[in-house]
Amino acid sequence: MEGWNQSHITEFTFIAFSSLGKYQCSLFWVILIVYMTTLSGNLMIFSIICIDFHLHEMPMYFFLANLSFLDICYTTAIMPKTLANLWTRTNTISHGGCLVQMFFFVLCTGAECILLTLMAYDRYVAVCQPLRYTTMLNQRVCVLIAVSSWTGGILNSLLHTTMTACLSFCGPHEIQHYFCDVPPLLHLSCSDTYTNNVLLFIINIFFGLGPSICIITSYAGIISAVLRIQSSVGRNKAFSTCSSHLTVVILFYASGFFIYLNPFLSSSRSTDIVASVFYSIVTPMINPMIYCFRNKEVKEALRKAMQKRHCLRAAFSGCL
């Protein structure tokens with residue numbers, strides 16, 4: 001609590017977009033469109049999987065529903081405040097609001113790291129152990145996987161938020177970012193942040209490099225198994241079941257590594273902001289597109305849902 005008593009700053013100011021001037025209004029509409037697209041796309045995926053009995057009984061789609069929900073949560077943790085700041089041009093956030101925003105963002109990104117890793121294991125079992133798939137990934141195991149990802153995210157976020165809350169902020173209050181995240185706040189603190197930086201590095205090795213090794217190992221096994229398939233049709237089908245997840249993993253981890261696994265090295269703040277935009281705004285928006293365009297079962301479920309909606313609308317019009 002000593003760090004709390006020494007803190008003289010009651011609010012922070014985001015300066016990532018302050019240099020845009022009159023173009024902040026245009027950026028507001030761009031981000032609003034992206035946010036609405038992200039919400040509608042992920043809500044569509046989540047709803048289709050929950051409604052379609054065939055899909056929500058399958059482990060892959062159970063995990064996909066969790067992924068869509070996570071994308072909704074962590075974009076909602078930062079987007080509304082960003083939009084409000086762009087609209088009012090105040091660009092401020094209270095000290096407590098900053099910690100709350102950071103808590104939910106770190107929670108969701110940590111949970112997503114774990115979930116993407118476990119989804120890679122799901123694809124490995126599906127391709128390399130197809131006869132044991134339903135027993136190795138039964139409903140109980142799937143629920144445990146989902147709970148473990150959320151639990152890991154919560155514990156990670158609690159640790160980061162508690163450590164950051166104990167820091168003193170008595171100097172500059174301008175955050176060179178557009179939302180509250182751990183690295184930008186560490187740059188502002190007038191406390192000794194060596195322990196925080198070491199903790200950040202260690203935890204992000206655990207949530208970043210560790211899962212990456214597991215994912216690479218899983219896909220090495222998948223590729224080895226696929227190459228042993230004699231039929232080209234069989235190989236294409238096996239690769240198609242993994243391509244969507246692999247694309248999402250590459251997009252998520254490439255930008256995440258750039259931001260979080262380099263706390264001791266100085267880098268261009270503008271470059272970090274661009275990477276963060278891709279990591280926190282663009283990736284959640286395109287995830288539903290990747291799964292819709294590359295997954296026949298999701299497209300078929302969407303087509304059925306649209307037909308059912310059309311039939312209900314026609315029936316309702318007939319009653320009138």
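Residues numbered from 1 in each chain as written. Predicted model: local features only at pLDDT ≥ 70, side-chain atom pairs only at ≥ 80, totals over all residues. Heavy atoms only, no water.

A. Structural view of helix H10 (residues 194-227). Relative to the 50 Å expected for 34 residues at 1.5 Å per residue, H10 spans 47 Å between its end C-alpha atoms, a close match to the ideal helical length. The axis of H10 is deflected most strongly, by about 35°, at Ile-205. (Helix = DSSP H or I, 4+ residues; strand = E, 2+ residues; numbered from the N terminus. Expected span 1.5 Å × (residues − 1). Bend = angle between axes of the 7 residues up to and from the residue.)

B. Local environment of the state of the cysteines. In total, this model carries 1 disulfide according to the counting rule given. Across the disulfide from Cys-98 sits Cys-180; the S-S distance is 1.9 Å. Given an S-S torsion of about -120°, the disulfide between Cys-98 and Cys-180 has left-handed geometry. A residue pair is termed long-range when its members are at least 10 positions apart, and Cys-98 in helix H6 (residues 95-128) and Cys-180 in the loop between strand S3 (174-175) and helix H9 (182-188) qualify at 82 residues. The cysteine Cys-108 is free of any disulfide, with Cys-73 supplying the nearest cysteine sulfur at 4.8 Å. (Disulfide = S-S within 2.5 Å.)

C. Spatial organisation of the packing of aromatic side chains. Following the criterion strictly, the structure yields 13 aromatic pairs and no others. With a centroid separation of 6.2 Å and 90° between ring planes, the pair formed by Trp-29 and Trp-87 is classed as edge-to-face. Residue Trp-29 is located in helix H2 (residues 24-51), and its partner Trp-87 is located in helix H5 (residues 79-88); the two are separated by 58 residues in the primary sequence. Here Trp-87 falls in the exposed class, since its relative accessible area comes to 54%. (Phe/Tyr/Trp six-rings, centres within 6.5 Å; stacked < 30°, edge-to-face > 60°. Buried < 20%, exposed > 50% of the residue type's maximum accessible area, 1.4 Å probe, protein only.)

D. Representation of the nonpolar core. Ranked by internal contacts, the top residues of the largest apolar core, which has 66 residues, are Leu-67, Leu-116 and Tyr-178. Breaking this core down by element, the ones donating at least two residues are H2, helix H4 (59-76), H5, H6, helix H8 (139-165), H10, helix H11 (232-260) and helix H12 (269-294). Excluding residues within four positions of it along the chain, Tyr-178 makes contact with Phe-14, Ala-16, Phe-17, Ile-78, Thr-82, Ile-273, Ser-276, Val-277, Ser-280 and Ile-281. Membership of the second largest hydrophobic core comes to 18 residues, among which are Val-106, Cys-180, Val-182 and Leu-186. (Core = buried A, V, L, I, M, F, W, Y, C linked by side-chain atoms within 4.5 Å. Contact = heavy atoms within 4.5 Å.)

E. How the structure looks around the packing of H4 against H6. The N-to-C vectors of H4 and H6 enclose an angle of 160°; their axes lie 10 Å apart at closest approach. By the angle class used here, H4 and H6 are roughly antiparallel. Where H4 crosses over H6, the handedness of that crossing is left-handed. Contacts between H4 and H6 involve Pro-59, Met-60, Phe-63, Leu-64, Asn-66, Leu-67, Leu-70, Asp-71, Cys-73 and Tyr-74 from the former and Phe-105, Cys-108, Thr-109, Ala-111, Glu-112, Leu-115, Leu-116, Met-119, Asp-122 and Arg-123 from the latter. Here the residues of the contact of H4 with H6 are counted per class, giving 14 nonpolar, 2 polar and 4 charged. (Axes fitted to C-alpha atoms, helices over the stretch in contact; angles between N-to-C directions. Parallel < 35°, antiparallel > 145°, perpendicular 65-115°, else oblique. Left-handed = near helix turned anticlockwise from the far one by under 90°. Nonpolar A, V, L, I, M, F, W, Y, C, P; charged D, E, K, R; others polar.)

F. Spatial organisation of a nonpolar patch on the surface. A surface patch of nonpolar side chains, about 260 Å² in accessible area, is lined by Ile-154, Leu-155 and Leu-158. Considering the arrangement of structural elements, one finds Leu-155 in helix H8. Note on Leu-155: relative accessible area 55%, which makes it exposed. (Patch = residues over 30% accessible without salt bridge, like charges linked within 9 Å, V, L, I, M, F, W, Y side chains within 5 Å. Areas by Shrake-Rupley, 256 points an atom, 1.4 Å probe, with all protein chains shown as cover. Salt bridge = Lys/Arg side-chain N within 4 Å of Asp/Glu carboxyl O.)

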